[in-house]
Amino acid sequence: MTRRKLAAGNWKMNGTSADLVELEALAKAHPTPGCDILICPPATLISRAAAAASAQIAIGGQDCHQKDSGAHTGDVSAPMLLDAGAQYVILGHSERREDHRESDTDVRNKVVAALSAGLKAIVCVGESLAEREANNTLDIIGGQLAGSIPDVVTGDSLVVAYEPIWAIGTGKVPTLDQIGEVHDFIRIRLETRFGAGVGRSTRILYGGSVKPANASEIFAVSNVDGALVGGASLSATDFSPIITALE
Ligand code: PEP
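Note that the coordinates shown come from a computational prediction; the quantities given were computed from them, not determined experimentally.

J.: Even after reading the chapter, I still don't get the sheet that holds strand β5 (residues 120-125), so can you show me in this structure?
T.: Remark on secondary structure: sheet strands pair via backbone hydrogen bonds, oriented parallel or antiparallel. Taken in spatial order, the eight strands of this closed barrel run β1-β2-β3-β4-β5-β6-β7-β8, and their pairing is parallel. Within this sheet the neighbouring strands show an average axis-to-axis angle of 25 degrees, counted without direction. With four bridges connecting them, strand β6 (residues 158-162) and strand β7 (residues 203-207) associate as parallel partners. Paired with valine 159 across the bridge in β7 is arginine 203.

J.: When you look at the site of the ligand in this model, what are you seeing that I'm missing?
T.: Taken together, 14 residues surround the ligand, and among them Ile168, Gly169, Gly207, Gly230 and Gly231 come closest. Partitioned by chemical class, the residues of the shell around the ligand number five nonpolar, seven polar and two charged.

J.: Help me understand the pairing of β5, please; the structure alone is not making it clear to me.
T.: Within a regular strand, side chains alternate between the sheet's two faces. Of all six residues in β5, six are buried, a share of seventy percent or more. Alternating residues of β5 divide into Lys120, Ile122 and Cys124 and Ala121, Val123 and Val125, and every residue in both groups is buried. Direction of pairing for strand β4 (residues 88-91) relative to β5: parallel, over a ladder of four bridges. Among the inter-strand pairings, tyrosine 88 is bridged to a residue of β5, identified as lysine 120. Where β5 lies against β6, five bridges are found, and the strand directions are parallel. By the bridge assignment for β6, cysteine 124 is matched with alanine 161.

J.: I would appreciate a short explanation of the UniProt feature "active site" (unreviewed entry) in the protein in the present structure.
T.: UniProt's entry tags His93 and Glu163 with the feature "active site" (unreviewed entry), counted in the numbering of this structure. The greatest C-alpha distance among the annotated residues, which extend across 71 residues, is 8.3 Å, indicating that they converge on a single site. Among the secondary structure elements, histidine 93 is positioned in the loop between β4 and α4 (94-99). On the neighbour-count criterion, histidine 93 (27 C-beta atoms within 10 Å) is buried. Among all residues touching histidine 93, those that are not within four sequence positions of it are Gln62 and Cys124. Turning to its location among the elements, glutamate 163 is positioned in the loop between β6 and α8 (176-201). Residue contacts for glutamate 163: discarding those within four places in its chain leaves Ser94, Cys124, Gly126, Ile168, Gly207, Gly208 and Leu228.

J.: Even after reading the chapter, I still don't get α8, so can you show me in this structure?
T.: Spacing of three or four residues puts side chains on the same side of an α-helix, whose turn is 3.6 residues. Taking 1.5 Å per residue as the helical rise, α8 with its 26 residues ought to reach 38 Å, whereas the 22 Å between its terminal C-alpha atoms falls clearly short. Along α8, the sharpest change in direction is near 145 degrees and occurs at glycine 195. Those residues of α8 lying buried are Ile179, Val182, His183, Ile186 and Leu190. Tucked into the core, α8 has its buried residues touching α7 (137-148), β6, β7 and α9 (215-219).

J.: Could you clarify how one ought to interpret the packing of α7 against α8 in this entry?
T.: Two numbers describe a pair of packed helices, the interaxial angle and the distance between the axes. Two elements in contact, α7 and α8, have axes separated by 11 Å at closest approach and are oriented at 35 degrees. The handedness of the crossing between α7 and α8 comes out as right-handed. Contact residues: Thr137, Leu138, Ile141, Gly142 and Leu145 in α7; Val182, Phe185, Ile186 and Arg189 in α8. For the contact of α7 with α8, the class distribution of residues is six nonpolar, two polar and one charged.

J.: Help me understand the nonpolar core, please; the structure alone is not making it clear to me.
T.: As a rule of thumb, nonpolar side chains are buried together in soluble globular proteins. In this structure, Ala8, Val89, Ile122, Val123, Ala227 and Ile242 are the most contacted members of the largest nonpolar core, which totals 67 residues. At six residues, helix α10 (residues 236-246) tops the list of elements feeding residues into this core. If near-sequence neighbours (up to four positions away) are discounted, valine 123 is found in contact with Leu91, Gly92, Val107, Val111, Ser148, Ile149, Leu158, Val160 and Ala161.

J.: I'm lost on the pairing of β6 in this one. Help?
T.: Among the five residues of β6, five are classified as buried, and the element is accordingly described as predominantly covered. By the alternation rule, side chains of β6 split into Leu158, Val160 and Tyr162 and Val159 and Ala161, which are all buried.

The rules we used
What you see as residue numbers is a count from 1 along each chain, following the sequence as written. Local features in this predicted model are restricted to residues of pLDDT 70 or higher, and side-chain atom pairs are both shown and tallied only at a pLDDT of 80 or more, whereas totals for entire chains, interfaces and linings draw on every residue. Here, strands pair whenever DSSP counts at least two bridges between them. Secondary structure is summarised from DSSP: a helix means a run of H or I of at least four residues, a strand means a run of E of at least two, and numbering begins at the N terminus for each. Think of each axis as a best-fit line through the C-alpha atoms, taken over the contacting stretch in the case of a helix, with angles from 0 to 180 degrees between the N-to-C directions. What makes a residue near a molecule or strand is its C-beta atom, placed from the backbone, lying within 6 Å of it. Three residue categories are used. Nonpolar comprises Ala, Val, Leu, Ile, Met, Phe, Trp, Tyr, Cys and Pro, charged comprises Asp, Glu, Lys and Arg, and polar comprises the others, including Gly. Partly exposed residues are those falling between the two cut-offs: more than 12 but fewer than 20 other C-beta atoms within 10 Å of their own, whereas 20 or more means buried and 12 or fewer means exposed, with C-beta atoms placed from the backbone. UniProt positions are given in the numbering used here, feature names are shortened, and annotations may be inferred rather than shown by experiment. Remark: residues whose backbone-derived C-beta atoms lie within 7 Å of one another are considered to be in contact. One less than the residue count of a helix, multiplied by 1.5 Å, gives the span that helix is expected to have. Two axes enter the definition of the bend at a residue: one is fitted to the seven residues ending there, the other to the seven starting there, and the bend is the angle between them. What makes a crossing left-handed is the near helix being turned counterclockwise from the far one by less than a right angle; a clockwise turn instead makes it right-handed. One nonpolar core equals one set of buried Ala, Val, Leu, Ile, Met, Phe, Trp, Tyr and Cys residues connected by C-beta atoms within 7 Å.

Structural data, given as structure tokens:
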């Protein structure tokens, strides 16, 4: 089973219209990319990013509400993201789980909303440092997969991102063996639950302090189908070599 690799950038709460030049620089550097490229800017920039991005760069949201519309001040729904030009949405990022107390059930409901709207969902899972040190990593990941992913997924519409919380924005990265252990575990869980078709075609990204200097060795690990990149996705200078390492 060949899975097309995915280099996904999460700009988090960073970026104004002046930063859209980074998209142009990325498009110029990768006119015929050998992998999928995705940028998830803040919601305020999605429309303009989608207009500025060339065909080879997809745009995504960083969250969506579980309802399509209604009295939810400040929230953005999946159909709204689609309408703005998004093709993907990141759901269950550890910063959302922490800052907004999102539970696995919340994430699951958001995934249902995203898929119903026609978006692809990137579902984030990952353990804290305390959970890893207590040897609970696989239990935590297994629970998050079971709780956050609904039954109605396809290999095309679902992406899973393994992001150890302690590696996000810290410069710390798990060993390659640790990354491989979790990615193999996620693959087996997906195959067991959804069957070989969905289980083998779902892409599994690694996220957490991916930089140009460590990207190649991480991408060589089994069942790593790309990366979800925070800080290093903000500039084309940093993100472009990560994309090249994946191509
Ligand atoms: C992220 O926010 O998903 C992330 C992985 O961040 P960073 O690459 O900065 O660690």
